[in-house]
Amino acid sequence: MSGKGSAERLGLLLALVGALGFSLKAIFIKLAYPYGVDAITLLALRMGFSLPVFLWAGLLRRHGGVPLGAGDAWRLLLLGVLGYYGASILDFWGLQYISAGLERLILFTYPTLTLLIGVLFQGRPFTRRELLAVVLCYAGIGFAFAHDLAFADARSVLIGGGLVFASSVAYALYLAGSGAMIQRLGAMRFSALAMLMSTGVTLLHFVVAQPLSALVQPLPVYGWALAMAVLATVIPVFALAGAIHRLGAGRAALYGMVGPILTIGFGWWLLAEPVSAAQLAGAALVVAGVFVVGRGRNK
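## Notes on the overall build of the protein
- Across its full length, the protein holds twelve helices and zero strands.
- Listing every helix and strand of the protein by position from the N terminus yields α-α-α-α-α-α-α-α-α-α-α-α.
- Here the C-alpha atoms of the protein give a radius of gyration of 19 Å, agreeing with the 19 Å that 2.2 N^0.38 yields for 299 residues.
- Its C-alpha atoms give the protein principal-axis dimensions of about 55 × 55 × 40 Å.

This is how it looks when you write it as structure tokens:
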């Protein structure tokens, strides 16, 4: 009994560490942008700094695991492009226009988007509980948009919000397509291999879009990119995988619901982003919607 309790406590701690790390990503991006770095260069630095760890993890997990076939490689490439490259670059672009708090709330709708993908393309039924979750989430996004519109240009908020929503769609497609691969390869090995694929695509995008001299950046940019790689990529990716292993995906996701609140708090503290009643109400509605989805899946 104590062994099971210890595993659950460790799973809870890992889920909270993952939520904390992911909530810091937007903050680090916002802190780097004033130095003039563009989105693809910053993303390339983040992925480049992360690469040695994921390369090590991918090679380590290869021994004794299921061998990869040609079909697996193509699926990993597609999922890597969708998840850690596509979702990331759209998110980086969107953060040039909107606050970190709004970005995290929009991204946090991915469980409802994964649910809708299952309904539309995988033949899943759509329950009343899930309809309630969708209504709560998007009502919350409406409140969050009202908050940002009060403090920023409407065009910028709409462009940034659209880009981040597209990022959430890409990540939901990644999650919807990754279940079978995770079952075959294991969560840690799959995460490392998908990250390696996305790193390759990211660096290719950088080489095509920018001269190599773009890698010469002010020292603080390297610091924020390294912090993003370690604290908002490597640690939370493996922490979340460990939490899923000990708690299951549904419970791990429920504990991760503190993420948007943390981002709003860090945005207020480190970026001087204003906080309003509308934003807090929006955050509460989005968290409630994701909670409804998670509870429904656990039953």
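## A closer look at the nonpolar core
- The biggest cluster of nonpolar side chains holds 46 residues, and the ones touching the most others in it are Tyr-33, Leu-42, Phe-92 and Phe-190.
- Within the residue set of this core, elements represented by two or more residues are helix 1 (2-32), helix 2 (39-60), helix 3 (70-94), helix 7 (154-185), helix 8 (187-209) and helix 9 (219-247).
- No other element matches helix 2, which puts nine residues into this core.
- The next biggest cluster of nonpolar side chains, apart from the first, holds 18 residues, and it includes Ile-106, Phe-108, Ile-141 and Ala-283.

## Regarding a nonpolar patch on the surface
- Taken together, the side chains of Leu-10, Leu-13, Val-17, Phe-49, Leu-226, Val-230, Leu-231 and Ile-235 define a hydrophobic patch exposed on the protein surface, amounting to about 610 Å² of accessible area.
- At the level of secondary structure, the elements contributing two or more residues to the nonpolar patch comprise helix 1 and helix 9.
- Relative to the helices and strands, Leu-231 resides in helix 9.

## Re the side chain of Thr-199
- Mapped onto the elements of the fold, Thr-199 is located in helix 8.
- Classification of Thr-199 by relative accessible area gives buried; the value is 3%.

## Focus: the environment of Met-181
- Within the secondary structure, Met-181 sits in helix 7.
- Overall, Met-181 belongs to the buried group, its relative accessible area being 3%.
- Those residues in contact with Met-181 that sit more than four places away from it in its chain are Asp-72, Arg-75, Leu-76, Leu-79, Gly-186 and Phe-190.

## Notes on the pattern of salt bridges
- Taken as a whole, this structure holds three salt bridges when the rule is applied.
- Asp-91 is the partner of Lys-25 in a salt bridge, and the nearest nitrogen-oxygen pair spans 2.6 Å. Note that Lys-25 is positioned in helix 1 and Asp-91 in helix 3, a separation of 66 residues in sequence. Both residues of the pair, Lys-25 and Asp-91, count as buried.

## Details of helix 7
- Taking 1.5 Å of rise per residue, the 32 residues of helix 7 would be expected to cover 46 Å, and the 45 Å separating its terminal C-alpha atoms lies within 8% of that figure.
- Of all the bends in helix 7, the greatest, near 45 degrees, is centred on Ser-178.
- The complete set of buried residues in helix 7 reads Val-157, Gly-160, Gly-161, Val-164, Ser-167, Ser-168, Ala-170, Ala-172, Tyr-174, Ser-178, Met-181 and Leu-185.
- Buried residues along helix 7 sit against helix 3, helix 4 (100-107), helix 5 (110-121), helix 6 (128-151) and helix 8.
- A side-chain oxygen of the first residue of helix 7 lies 3.2 Å from the backbone nitrogen of Arg-155; this N-cap is Asp-153.

## Some points on the packing of helix 4 against helix 6
- Running from N to C, helix 4 and helix 6 cross one another at 165 degrees; their axes reach a closest spacing of 10 Å. Judged on the interaxial angle alone, helix 6 and helix 4 are roughly antiparallel. Crossing hand, helix 4 versus helix 6: left-handed. Between helix 4 and helix 6, the residues in contact are Leu-102, Leu-105 and Ile-106 and Ile-141, Ala-144, Phe-145 and Asp-148, respectively.
- Here the contact of helix 4 with helix 6 is built from residues that sort into six nonpolar, no polar and one charged.

## Considering unusual backbone geometry
- Not every positive phi belongs to a glycine, and Ala-272 is a case in point at roughly 60 degrees.
- The exposure class of Ala-272 is exposed, given its relative accessible area of 63%.

## Examining helix 9
- When the terminal C-alpha atoms of helix 9 are compared, their 40 Å separation across 29 residues agrees well with the 42 Å that a helix rising 1.5 Å per residue should span.
- Roughly 35 degrees is the biggest bend found in helix 9, and it falls at Pro-236.
- Backbone geometry just after helix 9 places Gly-248 at a positive phi near 90 degrees.

## Concerning the environment of Tyr-171
- Relative to the assigned elements, Tyr-171 resides in helix 7.
- Taking the C-alpha atoms as reference points, Tyr-171 and Trp-93, separated by 78 residues in sequence, lie 15 Å from one another.
- Non-local contacts of Tyr-171, meaning those with residues more than four positions away in its chain, are made with Leu-82, Ala-87 and Tyr-110.

## Focus: the packing of aromatic side chains
- The tally for this structure, following the rule as stated, stands at six aromatic pairs.
- Plain terms: the ring middles of Phe-54 and Phe-238 are 5.4 Å apart, the flat faces sit at 35 degrees to each other, and that makes the pair tilted. Of this pair, Phe-54 sits in helix 2 while Phe-238 sits in helix 9, placing them 184 residues apart in sequence. Here Phe-54 and Phe-238 have matching classes, each one buried.
- Ring plane angle 65 degrees and centroid distance 5.4 Å describe the contact between Tyr-84 and Tyr-174, whose orientation is recorded as edge-to-face. Of this pair, Tyr-84 sits in helix 3 while Tyr-174 sits in helix 7, and the two are 90 residues apart along the sequence.

Conventions we followed
- Residues numbered from 1 in each chain as written.
- Predicted model: local features only at pLDDT ≥ 70, side-chain atom pairs only at ≥ 80, totals over all residues.
- Heavy atoms only, no water.
- Helix = DSSP H or I, 4+ residues; strand = E, 2+ residues; numbered from the N terminus.
- Rg over C-alpha atoms; globule rule 2.2 N^0.38 Å.
- Core = buried A, V, L, I, M, F, W, Y, C linked by side-chain atoms within 4.5 Å.
- Buried < 20%, exposed > 50% of the residue type's maximum accessible area, 1.4 Å probe, protein only.
- Patch = residues over 30% accessible without salt bridge, like charges linked within 9 Å, V, L, I, M, F, W, Y side chains within 5 Å.
- Areas by Shrake-Rupley, 256 points an atom, 1.4 Å probe, with all protein chains shown as cover.
- Salt bridge = Lys/Arg side-chain N within 4 Å of Asp/Glu carboxyl O.
- Contact = heavy atoms within 4.5 Å.
- Expected span 1.5 Å × (residues − 1).
- Bend = angle between axes of the 7 residues up to and from the residue.
- Polar contact = N/O pair within 3.5 Å; in protein donor to acceptor, adjacent residues only side chain to side chain.
- Axes fitted to C-alpha atoms, helices over the stretch in contact; angles between N-to-C directions.
- Parallel < 35°, antiparallel > 145°, perpendicular 65-115°, else oblique.
- Left-handed = near helix turned anticlockwise from the far one by under 90°.
- Nonpolar A, V, L, I, M, F, W, Y, C, P; charged D, E, K, R; others polar.
- Phe/Tyr/Trp six-rings, centres within 6.5 Å; stacked < 30°, edge-to-face > 60°.

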